[in-house]
Amino acid sequence: MPDDTLKTLKRRFVRYLKLERNYSPNTIEAYSRDIDCLINYLDTEGLAVEDVRLVNLEHFVAVIHGFGVAASTQARIISGVRSFFRFLVLEKTLADDPSELLESPALGERLPAVLSTEEVDMMEAAIDLSKWEGQRNKAIIEVLFSCGLRVSELVELKFSDIYAKEKFLRIVGKGSKERLVPISGEALREIELWLLDRNLMKVKKGEEEYVFLNRRGAHLTRVMVFIMIKQAAEAAGINKNVSPHTLRHSFATALLQGGANLRVIQEMLGHEDISTTQIYTHIDITELREELLAHHPRYATRHGGDGK
């Protein structure tokens with residue numbers, strides 16, 4: 001095979017869609033993002049395009065499914081991947097199409113809904129900030145969407161876990177495994193605003209280190225956060241089954257669709273194994289931050305870029 005890189009092949013594919021298939025700009029952009037997802041996966045696995053087999057593509061689908069990507073988005077990504085390999089066969093870059101028998105995954109139970117950045121903004125805007133818990137709830141939504149935390153990790157968040165200057169959180173996840181998670185400048189601002197109200201509260205003894213408290217001065221329970229998130233979605237007029245986990249899925253989906261490296265998303269979510277065949281890979285914390293700055297809407301250009 002010629003010494004074509006994956007990115008070169010992608011450029012040729014995009015040109016083909018534009019000039020020969022006459023696709024709309026929106027369709028071409030969607031296909032381009034889909035191929036970026038595939039390229040990131042192949043880079044992660046160390047696979048050249050000529051070495052790709054059906055089993056590799058099935059694993060790729062399992063990976064994006066494991067991130068909680070919506071079924072409709074999965075189907076679109078798979079469609080883009082199939083078109084890409086058909087193109088490579090058409091121009092004789094490949095002799096056979098490994099995606100020919102690729103099917104959408106059996107989804108089993110229904111995946112949680114995924115929220116767009118605009119819908120998250122709608123939820124935050126619907127919160128009544130005149131109520132004592134209003135700013136707290138806004139900060140919670142922002143932290144969940146900007147950091148992709150589990151609800152159990154959020155309710156256990158302590159002040160000693162926040163490194164505001166470095167813009168990182170220290171999170172203790174499943175199996176008592178620690179990870180560092182970048183936090184956006186916007187999420188930090190919302191926490192700071194919540195602290196103005198929190199400092200006026202009478203905090204229960206032994207609860208002083210917890211960031212998010214209930215009206216009795218004790219740290220929140222998971223159930224309380226579930227109820228609050230559902231109420232915020234309803235107040236915003238969002239007709240989806242929204243939970244804290246929805247915001248975690250939305251975080252991962254935003255990164256994946258933005259072209260972030262799959263291993264980085266794995267690290268951010270605290271997944272030791274995202275499928276039965278993928279081995280956990282440690283990523284340098286600087287790379288984590290760079291990936292979020294480049295690919296997550298809360299870390300990119302909003303408010304001057306990362307809250308600086």
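Look up a bit, the structure's there.
Quick notes on the rules
- Residues numbered from 1 in each chain as written.
- Predicted model: local features only at pLDDT ≥ 70, side-chain atom pairs only at ≥ 80, totals over all residues.
- Heavy atoms only, no water.
- Helix = DSSP H or I, 4+ residues; strand = E, 2+ residues; numbered from the N terminus.
- Buried < 20%, exposed > 50% of the residue type's maximum accessible area, 1.4 Å probe, protein only.
- Contact = heavy atoms within 4.5 Å.
- Areas by Shrake-Rupley, 256 points an atom, 1.4 Å probe, with all protein chains shown as cover.
- Phe/Tyr/Trp six-rings, centres within 6.5 Å; stacked < 30°, edge-to-face > 60°.
- Core = buried A, V, L, I, M, F, W, Y, C linked by side-chain atoms within 4.5 Å.
- 1 Å grid on protein atoms, 1.4 Å probe; cavity = no way out; pocket = protein on both sides within 12 Å on 5 of 7 lines; lining within 4 Å.
- Points joined across faces, edges and corners; volume = space filled by probe spheres on them.
- Pairing = 2+ DSSP bridges.
- Polar contact = N/O pair within 3.5 Å; in protein donor to acceptor, adjacent residues only side chain to side chain.
- Salt bridge = Lys/Arg side-chain N within 4 Å of Asp/Glu carboxyl O.
- Axes fitted to C-alpha atoms, helices over the stretch in contact; angles between N-to-C directions.
- Parallel < 35°, antiparallel > 145°, perpendicular 65-115°, else oblique.
- Left-handed = near helix turned anticlockwise from the far one by under 90°.
- Nonpolar A, V, L, I, M, F, W, Y, C, P; charged D, E, K, R; others polar.

## With respect to the overall build of the chain
The helix and strand inventory of the chain stands at 12 helices and three strands. Classification of the 308 residues of the chain by burial places 51% in the buried group. Looking at the chain alone, contacts between residues at least 24 apart form 63% of all its contacts between residues at least 6 apart. Summed over its atoms, the accessible surface of the chain is roughly 15,200 Å², and 51% of this surface lies on carbon and sulfur atoms.

## Thoughts on the packing of aromatic side chains
This model, assessed by the stated rule, comprises eight aromatic pairs. With centroids separated by 5.3 Å and ring planes inclined at 75 degrees, the aromatic side chains of Phe13 and Phe84 adopt a geometry described as edge-to-face. Taken together, the positions of Phe13 in helix α1 (residues 6-19) and Phe84 in helix α4 (residues 71-90) put the pair 71 residues apart, joining distant regions of the chain. Of the two residues examined, Phe13 and Phe84, each falls in the buried class. Centre to centre, the rings of Trp132 and Trp194 are 6.5 Å apart; their planes meet at 45 degrees, and the pair counts as tilted. With Trp132 in the loop between α5 (117-125) and α6 (134-147) and Trp194 in helix α8 (residues 185-198), this residue pair connects regions lying 62 residues apart in the sequence. Its relative accessible area of 26% is what places Trp132 among the partly exposed residues.

## Focus: the nonpolar core
The biggest cluster of nonpolar side chains holds 82 residues, and the ones touching the most others in it are Phe60, Phe85, Met123, Ile141, Phe212 and Ile229. Looking at this core element by element, the count peaks at eight residues for helix α2 (residues 25-45). In contact with Phe60, not counting residues within four places along its chain, are Cys37, Leu38, Tyr41, Ile77 and Val81.

## What about the layout of surface pockets?
Empty space within the largest pocket amounts to approximately 410 Å³. If you trace the largest pocket, you find 18 residues lining it, with Glu133, Arg136, Asn137, Met228 and Gln231 closest to the centre. Elements that contribute at least two residues to the lining of the largest pocket include exactly α6 and α9 (222-235). Looking at the lining of the largest pocket element by element, the count peaks at six residues for α9.

## Structural notes on the pairing of strand β2 (residues 168-172)
Of the pairings in the sheet, the one linking strand β1 (residues 162-163) to β2 comprises two bridges and is antiparallel in character. What sits directly across from Ile162, in β2, is Leu169. Hairpin connection, β1 to β2: the antiparallel pair is bridged by four residues, and Lys167 has positive phi, about 60 degrees. The pairing of β2 with strand β3 (residues 178-182) spans five bridges and is classified as antiparallel. Bridging from a neighbouring strand, Ile171 pairs with Arg179 of β3. Counting the residues in the hairpin turn of β2 and β3 gives five residues, including Gly175, whose phi is positive at 70 degrees.

## Here's the deal with the environment of Gln135
Note on placement: Gln135 falls in helix α6. Residues Gln135 and Leu195, 60 residues apart in the sequence, show an inter-C-alpha distance of 9.0 Å. Apart from the residues lying within four places of it in its own chain, the contact partners of Gln135 are Leu129, Glu190, Leu193, Trp194 and Asp197. Looking at Gln135, its side chain comes within polar contact range of the side chain of Glu190, at 2.7 Å.

## Points about the pattern of salt bridges
The full count for this structure, using the stated rule, is 11 salt bridges. Residue Asp34 pairs with Arg76 through a salt bridge whose shortest N-O separation is 2.6 Å. Here Asp34 is found in helix α2, whereas its partner Arg76 is found in helix α4, with 42 residues between them in sequence. A relative accessible area of 1% means that Asp34 is categorised as buried. A relative accessible area of 27% places Arg76 in the partly exposed class. Counted as one network, the salt bridges with shared partners bring together Arg150, Glu153 and Arg179.

## Concerning the packing of α1 against α2
Taken N-terminus to C-terminus, the directions of α1 and α2 make an angle of 160 degrees; their axes are 11 Å apart at the nearest point. With respect to α2, the axis of α1 lies roughly antiparallel. Where α1 crosses over α2, the two elements pack in a sense that is right-handed. Facing Leu6, Lys7, Lys10, Phe13, Val14, Leu17 and Lys18 of α1, the residues of α2 in contact are Ile28, Tyr31, Ser32, Ile35, Asp36, Ile39, Leu42 and Asp43. Tallied by class, residues from the contact of α1 with α2 come to nine nonpolar, one polar and five charged.

## Brief notes about the sheet that holds β2
The strand order β1-β2-β3 describes an open sheet built from three strands, whose pairing is antiparallel. With one partner strand each, in any of the chains shown, β1 and β3 form the two edges of the open sheet.

Everything listed here is a matter of coordinates, which is why it stays silent on function.
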